[in-house]
There are 2 protein chains.
Amino acid sequence: MESEVAKLKTARDAFVSQWGALGSQWGINRTMAQIHALLMTTNDPLTTDEVMDELEISRGNAHMNLKELVAWGLIRVVVKKGERREFFEAEKDVWQIFTIVARERKKREIEPALTILNRCAEETRGMQSQEGKAFHHQMRELEDFVGFASKMSDKVSSMKHGLALQLATKLFS
Amino acid sequence: MESEVAKLKTARDAFVSQWGALGSQWGINRTMAQIHALLMTTNDPLTTDEVMDELEISRGNAHMNLKELVAWGLIRVVVKKGERREFFEAEKDVWQIFTIVARERKKREIEPALTILNRCAEETRGMQSQEGKAFHHQMRELEDFVGFASKMSDKVSSMKHGLALQLATKLFS
DNA sequence: CCATATTTTCAATAAATACTGAAAAATCAA
DNA sequence: TTGATTTTTCAGTATTTATTGAAAATATGG
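Nothing here was measured: the structure is a model prediction, and the numbers come from that model.

Quick notes on the rules
Residues numbered from 1 in each chain as written. Chains lettered and ligands numbered in written order. Predicted model: local features only at pLDDT ≥ 70, side-chain atom pairs only at ≥ 80, totals over all residues. Heavy atoms only, no water. Near = heavy atom within 4 Å. Helix = DSSP H or I, 4+ residues; strand = E, 2+ residues; numbered from the N terminus. Nonpolar A, V, L, I, M, F, W, Y, C, P; charged D, E, K, R; others polar. Salt bridge = Lys/Arg side-chain N within 4 Å of Asp/Glu carboxyl O. Buried < 20%, exposed > 50% of the residue type's maximum accessible area, 1.4 Å probe, protein only. Phe/Tyr/Trp six-rings, centres within 6.5 Å; stacked < 30°, edge-to-face > 60°.

Colleague: Help me understand the protein's contact with DNA strand C, please; the structure alone is not making it clear to me.
Modeller: Around DNA strand C, 16 residues are found, and the nearest of them are His63(A), Glu86(A), Thr31(B), Ser58(B) and Arg84(B). Backbone atoms, meaning sugar and phosphate, make up 60% of the atoms of DNA strand C lying within 4 Å of the protein. Where the surface near DNA strand C is concerned, the elements lending two or more residues are helix H4 (59-72) of chain A together with helix H2 (30-40) and helix H4 (59-72) of chain B. Looking at the surface near DNA strand C element by element, the count peaks at five residues for H4(A). Among the residues making up the surface near DNA strand C, the classes are represented as two nonpolar, seven polar and seven charged.

Colleague: Just checking my understanding: could you explain the pattern of salt bridges for this structure?
Modeller: This structure, assessed with the given rule, holds 32 salt bridges over all chains. Between Glu109(A) and Arg105(A) there is a salt bridge; the shortest N-O distance is 3.8 Å. Here the residue Glu109(A) and the residue Arg105(A) both occupy positions in helix H5 (residues 94-123), the gap between them amounting to four residues, near one helical turn. For the pair Glu109(A) and Arg105(A), a shared accessibility class is recorded, and that class is buried. What emerges from the salt-bridge pattern is a single network uniting Arg105(A), Glu109(A), Arg105(B) and Glu109(B).

Colleague: Quick question: what am I supposed to make of the protein's contact with DNA strand D here?
Modeller: With respect to spatial proximity, 16 residues lie near DNA strand D, and among them Thr31(A), Ser58(A), His63(B), Arg84(B) and Glu86(B) are the closest. The share of sugar and phosphate among atoms of DNA strand D within 4 Å of the protein is 64%. Here the residues of the surface near DNA strand D sort into two nonpolar, seven polar and seven charged.

Colleague: Would you take a moment to explain unusual backbone geometry for this structure?
Modeller: Phi is positive for Glu56(A), which is not a glycine, with a value near 55 degrees. For Glu56(A), a relative accessible area of 72% translates into the label exposed.

Colleague: Mind showing me how you'd approach the packing of aromatic side chains here?
Modeller: Centre-to-centre distance and the angle between the planes together describe a pair of aromatic rings. In this structure the tally under the stated criterion is 10 aromatic pairs over all chains. Note on Phe98(A) and Phe145(B): the rings are 5.2 Å apart at their centroids and 55 degrees apart in plane angle, and the pair reads as tilted. Placement of Phe98(A) in helix H5 and of Phe145(B) in helix H6 (residues 130-157) is noted, with the two residues assigned to different chains. Residue Phe98(A) is classed as partly exposed on the basis of its relative accessible area, which comes to 30%. For the pair Phe145(A) and Trp95(B), a centre-to-centre distance of 6.1 Å together with 75 degrees between the ring planes defines the contact as edge-to-face. Taken together, the positions of Phe145(A) in helix H6 (residues 130-157) and Trp95(B) in helix H5 (residues 94-123) put the pair across two chains. Owing to a relative accessible area of 14%, Phe145(A) belongs among the buried residues under this scheme. For Trp95(B), a relative accessible area of 8% puts it in the buried group.

Now the structure itself:
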């Protein structure tokens, strides 16, 4: 019979590997998603070398992706007294994770779209032709909708976990 | 002075090109996003050859991406009487576009995540060690949250545009 | 200041993804 | 059934993105 320790290792490895594969779908690179998965399921903070060993990746790769995760706010640098090396630990609260990802996606996906739509709408304002009017109208429709989504994203992200859950439950029960 | 027709062409080209660039961020390939942008801002349905000419892409590329957009439901095939070729036209309603994209993202991003989380949680159920319990707990937390997001996505997608807007407005005003 | 540990950078390379173009298959009208 | 038109497929190629590994830069303790 397999020991609990071995089973846990298997489960964690599966999680890390598959979360990494999912990362691609999310527009996050595989290694970044794997490191995040690893740290989310590790109690003690890890060093760069431990991450390298665990995922069998190069130092450069580990370093770049750790820094990127820190920049997102999904992991933190931990300093241990008497230790020269840096340690990394993940934010584990799901609502925090969600709001961080939502904020990042808004920045990358929603805001640039708004900029484009606004510019295209402005440049075609007051056009006389049927074609021009139709284009302008379509740009405005998209702009309104994306702008609305942007505001919704802000509102939801700024809520506390409990409140959001409560609200949603009431709404849809 | 530039004619309105010329200005419109410039605006549309900018939209197509930049919407395509945005597509990458969204996990949609550039050409697919460009074709979608082109058809969203064109009144009359276009043939494969017109799309090829407009975007300066190969037949294979145009064909594949048109079919993919049809599979998503973002564009439709139109048959004109007396015409042997197929024409394509885009869904222009923003709420429709949103629900289609939301459904597709749920399928690609949320459902596979749920499967992974559920399996990892099940495989570590009842573990005795501190580490095992912590892992199991983290998987459950993530599973609950993602499951909740999945339900929310369904509910919102099934609403009519007006209703969703009204609801959201009331909520956040 | 020196020796050593650690972090950071980045050119070269590998891997993944998208695109082309031409051939094959399917469709249609006569 | 034939020949012309249109759609579909896909091997080869190009482009983009991710990763390596080693050198350079930085930080630390003595």
